[in-house]
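Listed below, chain by chain, are the residues.
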Amino acid sequence: MTTSTTATSVGSTGPADSSGGGSSSGGGSQACEGFCADYFAICGDSVENDYGNEGNCVTACEGYDEATYDCKVYHASMADGPKSVHCGHANRDGGGVC
């Protein structure tokens, strides 16, 4: 599975740093849009998808701290389809992992 360069290029810098804006504890819009596009491409049809739509995903993502964002990006990149356990780890509630 491949992810967009927006989400994967963020790595440990976190979503706020990659967009040139955002708060120190929240995500930046560009990074979050990339993460959410990737998440919905793989996990959009998952029963674990608790975002509802990409707009809600971006809004939630912008509130994630760096560690939470990095965890969700990692698990979204590990998901290989909507039935993957990783979809639940990358969703809003984090499935007890993120």
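Model, not experiment: these values are computed from the prediction. (Residues numbered from 1 in each chain as written. Predicted model: local features only at pLDDT ≥ 70, side-chain atom pairs only at ≥ 80, totals over all residues. Heavy atoms only, no water.)

## Examining the state of the cysteines
This structure, assessed with the given rule, holds four disulfides. Bridging Cys-36 to Cys-57, the disulfide has an S-S length of 2.1 Å. Measuring the twist about the S-S bond at about -85°, one finds the Cys-36-Cys-57 disulfide to be left-handed. Taken together, the positions of Cys-36 in helix H3 (residues 29-43) and Cys-57 in helix H4 (residues 54-61) put the pair 21 residues apart, joining distant regions of the chain. Given the relative accessible area of 0%, Cys-57 is considered buried. (Disulfide = S-S within 2.5 Å. Helix = DSSP H or I, 4+ residues; strand = E, 2+ residues; numbered from the N terminus. Buried < 20%, exposed > 50% of the residue type's maximum accessible area, 1.4 Å probe, protein only.)

## Considerations on the nonpolar core
Ranked by size, the top nonpolar core spans 20 residues in total, and within it Phe-35, Tyr-39, Tyr-51, Cys-61 and Tyr-69 carry the most contacts. Secondary structure elements with two or more residues in this core: H3, H4, helix H5 (66-78) and helix H6 (85-90). For Tyr-51, the residues in contact, after removing those within four places along its chain, are Phe-35, Tyr-39, Phe-40, Asn-56, Cys-57, Ala-60, Tyr-64, Lys-72, Ala-90, Asn-91 and Arg-92. (Core = buried A, V, L, I, M, F, W, Y, C linked by side-chain atoms within 4.5 Å. Contact = heavy atoms within 4.5 Å.)

## Re the side chain of Asn-49
Within the secondary structure, Asn-49 is located in the loop between H3 and H4. Accessibility expressed as a relative area gives 15% for Asn-49, which makes it buried. Residues contacting Asn-49, with those up to four places away along its chain left out, are Tyr-39, Phe-40, Cys-43 and Gly-44.

## A word on H4
Those residues of H4 lying buried are Cys-57, Val-58, Ala-60 and Cys-61. Down the axis of H4, the buried set is contained in an arc of 165°. They therefore lie on one face. Check the buried side of H4 and you find it contacts H3 and H5. (Arc of directions from axis to C-beta.)

## Let's talk about H3
Each full turn of the α-helix corresponds to 3.6 residues, which orients residues three or four apart in the same direction. Taking 1.5 Å as the rise per residue, H3 with 15 residues should run 21 Å; its terminal C-alpha atoms sit 20 Å apart, in good agreement. For H3, the full list of buried residues reads Ala-31, Cys-32, Gly-34, Phe-35, Cys-36, Asp-38, Tyr-39, Phe-40, Ile-42 and Cys-43. (Expected span 1.5 Å × (residues − 1).)

## Here we look at the packing of H3 against H4
Running from N to C, H3 and H4 cross one another at 135°; their axes reach a closest spacing of 9 Å. Put simply, H3 runs oblique to H4. Both H3 and H4 take part in a crossing whose hand is right-handed. Contacts between H3 and H4 pair Cys-32, Glu-33, Phe-35, Cys-36, Ala-37 and Phe-40 from the former with Glu-54, Cys-57, Val-58 and Cys-61 from the latter. Here the residues of the contact of H3 with H4 are counted per class, giving eight nonpolar, no polar and two charged. (Axes fitted to C-alpha atoms, helices over the stretch in contact; angles between N-to-C directions. Parallel < 35°, antiparallel > 145°, perpendicular 65-115°, else oblique. Left-handed = near helix turned anticlockwise from the far one by under 90°. Nonpolar A, V, L, I, M, F, W, Y, C, P; charged D, E, K, R; others polar.)

## What about the packing of aromatic side chains?
Under the definition given, this model contains four aromatic pairs. When the centroid spacing of 5.7 Å and the interplanar angle of 75° are considered together, the rings of Tyr-39 and Phe-40 count as edge-to-face. With relative accessibility at 0%, the residue Tyr-39 sits in the buried group. For Phe-40, a relative accessible area of 18% gives the class buried. The interplanar angle of 85° and the centroid separation of 5.2 Å between the aromatic rings of Tyr-39 and Tyr-51 together place this pair among those described as edge-to-face. Linking Tyr-39 in helix H3 with Tyr-51 in the loop between H3 and H4, this pair joins segments that are 12 residues apart in sequence. Exposure remark for Tyr-51: the relative accessible area of 1% places this residue in the buried category. Taken together, the ring pairs in this structure connect Phe-35, Tyr-39, Phe-40, Tyr-51 and Tyr-69 into an aromatic cluster. Here the basic side chain of Lys-72 rests over the ring of Tyr-64, its NZ or CZ set 5.0 Å away from the ring centre. (Phe/Tyr/Trp six-rings, centres within 6.5 Å; stacked < 30°, edge-to-face > 60°. Lys NZ or Arg CZ within 6 Å of the ring centre and 35° of its normal.)

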